[in-house]
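Residue-level listing of the chains:
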Amino acid sequence: MASISAGTGHLLPLRHHRRSHLTSPPSAVPITTTRCHKISSQNPNPNKHSKSTHSKSPLFSVKNLAISAAAGVLFHVAYKNPSLIGGFGGGGGSSGGSGGGGGGSGRGGGGGGWWRRLLSPEANADENQSSEWDSHGLPADIVVQLNKLSGFKKYKVSDLVFLDKVKSITVGSDDSFFEMVSIKSGGVYTKAQLQKELETLATCGMFEKVDLEAKTNADGTIGLTVSFTESTWEEADHFKCINVGLMQQSKAVDVDENMTEKEKMDYMRNQERDYRRRMERARPCMLPRSVHGEILQILGQGNVSARMLQNIRDRVQKWYHDEGYACAQVVNFGNLNTNEVVCEVVEGDITRVVIQFQDKLGNVCEGNTAIGVVKRELPKQLQKGNVFNIEAGKQALRNINSLSLFSNIEVNPRPDEKNEGGIIVEIKLKELEQKSAEVSTEWSIVPGRGGRPTLASIQPGGTVSFEHRNIKGLNRSLLGSVTTNNFLNPQDDLSFKLEYVHPYLDGISNSRNRTLRTSVFNSRKLSPVFTGGPGVDEVPPIWVDRAGVKTNITENFTRQSKFTYGIVMEEITTRDESSHISSNGQRVLPNGGISADGPPTTLSGTGIDRMVFAQANITRDNTKFVNGAIVGERNVFQLDQGLGIGSKFPIFNRHQLTMTRFIQLKEVEEGAGKPPPPVLVLHGHYGGCVGDLPSYDAFTLGGPYSVRGYNMGEIGAARNILELAAEIRIPVRNTHVYAFAEHGNDLGSSKDVKGNPTEVYRRMGQGSSYGVGAKLGLVRAEYAIDHNSGTGALFFRFESCLEPFEMKE
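What counts as what
- Residues numbered from 1 in each chain as written.
- Predicted model: local features only at pLDDT ≥ 70, side-chain atom pairs only at ≥ 80, totals over all residues.
- Heavy atoms only, no water.
- Helix = DSSP H or I, 4+ residues; strand = E, 2+ residues; numbered from the N terminus.
- Buried < 20%, exposed > 50% of the residue type's maximum accessible area, 1.4 Å probe, protein only.
- Contact = heavy atoms within 4.5 Å.
- Salt bridge = Lys/Arg side-chain N within 4 Å of Asp/Glu carboxyl O.
- Pairing = 2+ DSSP bridges.
- Core = buried A, V, L, I, M, F, W, Y, C linked by side-chain atoms within 4.5 Å.
- Patch = residues over 30% accessible without salt bridge, like charges linked within 9 Å, V, L, I, M, F, W, Y side chains within 5 Å.
- Areas by Shrake-Rupley, 256 points an atom, 1.4 Å probe, with all protein chains shown as cover.
- Lys, Arg positive; Asp, Glu negative; His and termini not counted.
- Charge placed at Lys NZ, Arg CZ, Asp CG, Glu CD.
- Axes fitted to C-alpha atoms, helices over the stretch in contact; angles between N-to-C directions.
- Parallel < 35°, antiparallel > 145°, perpendicular 65-115°, else oblique.
- Nonpolar A, V, L, I, M, F, W, Y, C, P; charged D, E, K, R; others polar.
- Phe/Tyr/Trp six-rings, centres within 6.5 Å; stacked < 30°, edge-to-face > 60°.
- Lys NZ or Arg CZ within 6 Å of the ring centre and 35° of its normal.
- Expected span 1.5 Å × (residues − 1).
- Arc of directions from axis to C-beta.

**Student:** Lay out unusual backbone geometry in plain terms, naming residues and giving numbers.
**Tutor:** Even without glycine at this site, Leu246 takes up a positive phi of about 70°. Here Leu246 is to be found in the loop between strand 13 (238-243) and helix 4 (261-281). A relative accessible area of 39% places Leu246 in the partly exposed class. Unusually for a residue other than glycine, Asn335 sits at a positive phi of about 65°. When you line up the elements, Asn335 lands in the loop between strand 16 (329-334) and strand 17 (340-346). The exposure class assigned to Asn335 is buried, which follows from its relative accessible area of 18%.

**Student:** Describe the environment of His736, listing the residues and the values that go with them.
**Tutor:** Along the polypeptide, His736 turns up in strand 41 (residues 735-745). Through-space distance from the C-alpha of His736 to that of Ala629 is 9.4 Å; in sequence the pair is 107 residues apart. Not counting the four nearest positions on each side in its chain, His736 is found in contact with Arg729, Ile730, Pro731, Ala774, Lys775 and Arg780.

**Student:** Give me the pattern of salt bridges: which residues, what numbers.
**Tutor:** Pairs can form between side chains of opposite charge once their charged atoms are near each other. Under the criterion given, the structure shown has 31 salt bridges. For Glu669, the salt bridge goes to Lys674, with nearest N and O atoms at 3.7 Å. Looking at Glu669, the relative accessible area reads 55%, which means it is exposed. Among the ionic contacts, a cluster of salt bridges with common partners joins Arg708, Glu727, Arg729, Glu742, Glu782 and Arg797.

**Student:** I'd love a proper account of the pairing of strand 30 (residues 561-575), names of residues and values included.
**Tutor:** In the sheet, strand 29 (residues 543-556) pairs with strand 30 via 14 bridges, with the strands oriented antiparallel. Paired with Ile553 across the two strands is Tyr565, which belongs to strand 30. Counted between consecutive antiparallel strands, the loop separating strand 29 from strand 30 contains four residues. Pairing of strand 30 with strand 33 (residues 608-621) involves 13 bridges; the strand directions are antiparallel. Bridging across to strand 33, Thr573 finds its partner in Ile608.

**Student:** Outline the nonpolar core, listing residues and values.
**Tutor:** One finds Phe162, Leu194, Phe207, Val210 and Leu224 to be the most contacted residues of the largest nonpolar core, which totals 29 residues. The set of elements that each furnish at least two residues to this core consists of strand 7 (154-164), helix 3 (191-203), strand 10 (207-216) and strand 11 (222-230). Residues contacting Leu194, with those up to four places away along its chain left out, are Leu146, Leu149, Ile183, Tyr189, Leu212 and Leu224.

**Student:** Pulling in residues and values, what's your account of the environment of Leu794?
**Tutor:** As for its placement among the helices and strands, Leu794 is situated in strand 44 (residues 791-798). On a C-alpha basis, the gap between Leu794 and Gly773 in space is 9.3 Å, while along the polypeptide they are 21 residues apart. In this view, Leu794 contacts Glu782 and Tyr783; residues no more than four positions away in its chain are not counted.

**Student:** Explain a positive patch on the surface residue by residue, including any values.
**Tutor:** Together, Arg273, Arg276, Arg277 and Arg281 make up a region of like positive charge exposed at the surface. On the basis of relative accessible area, Arg277 is assigned to the partly exposed category, the value being 45%.

**Student:** Give me the lowdown on the packing of helix 5 (residues 289-299) against helix 6 (residues 306-322), citing residues and values where you can.
**Tutor:** Helix-helix packing is characterised by the crossing angle of the two axes and by the distance between the axes. For the pair helix 5 and helix 6, interaxial distance at closest approach is 10 Å and the crossing angle is 170°. Comparing the axis directions of helix 5 and helix 6 gives the class roughly antiparallel. Touching Val291, Glu294, Ile295, Ile298 and Leu299 of helix 5 are Met308, Asn311, Ile312, Arg315, Val316 and Trp319, all from helix 6. In terms of residue class, the contact of helix 5 with helix 6 is built from eight nonpolar, one polar and two charged.

**Student:** Tell me what's going on with the packing of aromatic side chains, and back it up with residues and numbers.
**Tutor:** A full pass over the atoms with the stated rule returns 10 aromatic pairs. Ring centres of Tyr320 and Tyr325 lie 6.2 Å apart, and the angle between their planes is 75°; on these two criteria the pair is classed as edge-to-face. In terms of burial, Tyr320 and Tyr325 fall into one category: buried. When the centroid spacing of 6.5 Å and the interplanar angle of 15° are considered together, the rings of Phe557 and Phe563 count as stacked. A relative accessible area of 27% means that Phe563 is categorised as partly exposed. Pairwise contacts between aromatic rings join Phe162, Phe207 and Phe228 into one cluster. The ring of Phe699 carries Arg654 above its face, with NZ or CZ at 4.2 Å from the centroid. For the cation-ring pair, Arg708 lies above Phe740, with the distance from its terminal atom to the ring centre recorded as 4.0 Å.

**Student:** Mind laying out helix 4, listing which residues take part and the relevant values?
**Tutor:** Relative to the 30 Å expected for 21 residues at 1.5 Å per residue, helix 4 spans 30 Å between its end C-alpha atoms, a close match to the ideal helical length. Of the residues making up helix 4, those classed as buried are Tyr267, Met268, Gln271, Tyr275, Arg278 and Met279. Buried residues along helix 4 cover an arc of 115° about the axis, so they all sit on one side. More than 90 degrees from the buried face of helix 4, the exposed residues found are Lys262, Glu280 and Arg281. For helix 4, the elements touching its buried residues are strand 13, strand 16 and strand 17.

Below, the structure is given as structure tokens:
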């Protein structure tokens, strides 16, 4: 089954190296970075092919889909690691310093101290901590300046408090300022580490003035108080967001302290001019007007402050990440101390898409698959020049996974070191073996005397299948299967299918998506047309053998819509249970004898028909999975058109329309491990035929995929039918229970089938049922009441990978 799980991908930091010191524009505040995850899909059974076992295994049994969504909301990630807190340019130069907060001057401008904090091993105060600590050795409840502490002791911090000097209040522990320090309650630190922490706070630009004091406790620990004055700028009533991705960043230039005032003014004017040019070259960001309006409301609260910029940053990034732009980040605020705040955003522009093939050990190797086969599956939004979106990455994963060519798939965004703010999308693929084979066996179990199940035969049956996939690296494949009910004597009922699949009929580079399929087949199935109604003794079975050639072309208009058209040439032979050709159905006489004067089995009346007909099918499938439950809608229209070629020159038009709705009854939170919603299923199926109609192609009513509670064909066989069904599914633990009601009707057309098998075998022509059931893995347990006879029965059946209403189609 498909599953989605978080945490499968390693973190990829997008590092945007910012300008330091006075290279930041005047009144600019640089911000920290975010991270992206890889998206991956793994096949736990790389040697098991998927196509030839479609009817034998669950839908996603071959591939276990694991998708790790990119999480990295900018400061939310940084908060978990204080070393990622961004510096705000233009702050005071040191503890107790002032000024520079608005003008961008001062030693800490541009966030250079933050980068030193990020990249320097001694930057984190809690690094190389020891669990051993020393008592302060001072009287309790006294305030000690930081420089008065001993440089030889290790102090244990009991608590940490931030004190706003302007408002004379302490800020709560949920305040963002708390996340700026690496000092934690209960930690052990030296004087040097505490001084380094204070230096970092003083140069980060968030504060005009900041100090750190210790208060002694009776137990030998100390409590720390960070007293601060928050940096503020002039009020602003305009907001502008620009995309600075892929723009050349200014090189860091230190200002000569010996500059004259005139030289400094000239330097600042040049910086302002360069920043204006930078804004002119920048591209508009994707931020909608509604978010602009929210930010203007934030700006209307008063002077621009560090906290206000944090709120703006969080709101901007929340929109990007909510929309799936997982690598987008706010990197700078400019134009402070003016009436317009400029927010610089790196949105995550894709500069390259790299496709790599890997061997079983993960080493890069040359792949067999043509690169064009993979590239055509990539969504447009994942192409070069677009902004990376996590949903586009997931879609690429699903598209490539649908090729069934790879055991492991990774869609991995990483920063482009040569293009500032750019993203390289790496797609790493491990190919499945090209050739595979499988043998599956089965034993038939039938009801014996007294209704007890007995082994029908000790002779094993089963299927031998093989597949040669990805021929010439173009996703072409050759599939074959041989099935028999008796491996010891297979000539009795041997059936086979050999199919060649040729995708990209118009070429890999052509956007038109057409696939050619050609198959040679020989099959045998029990005909439900020759089935007795309620109270009728067992009717001798009629088997229908079909052998022929089928060729069709499937054109995918979208991922939800496809159109299939082709031609079928086949020979149909009807046989009795002794495998003798039977031109008529059989009846059991009152004396126990068997009469072969039943309805004709073929159009020719000889037991063998040959015909050629065209076939078309159009499907519109908008279903999806919500926590494992199918929701959406599916419509299918199929048409078979006789061409007058074959026995009795058959000309006919056989058509079917199926409509199914999976209605979600309750909104639920989507995600791995979340419960699925209750679902109401509404289903309708109409079938009709005009012209020549052999009995083996008549529509039948009754059975698990028609009207449940009846045997296959027990209600009737007709030219025209209508089936209606409703089912409500209620999730219970890891499965669901359901209740259903169904009705089938021959619309009075049973008599128009040659020989009227419905009347001959005393069937009603219409019937209803209702019941309840539960899905237990691949087994469905159902109790259904047959409305015609008024009796109920318990049914157990094994499901293939399809849902019941899919099988009805």
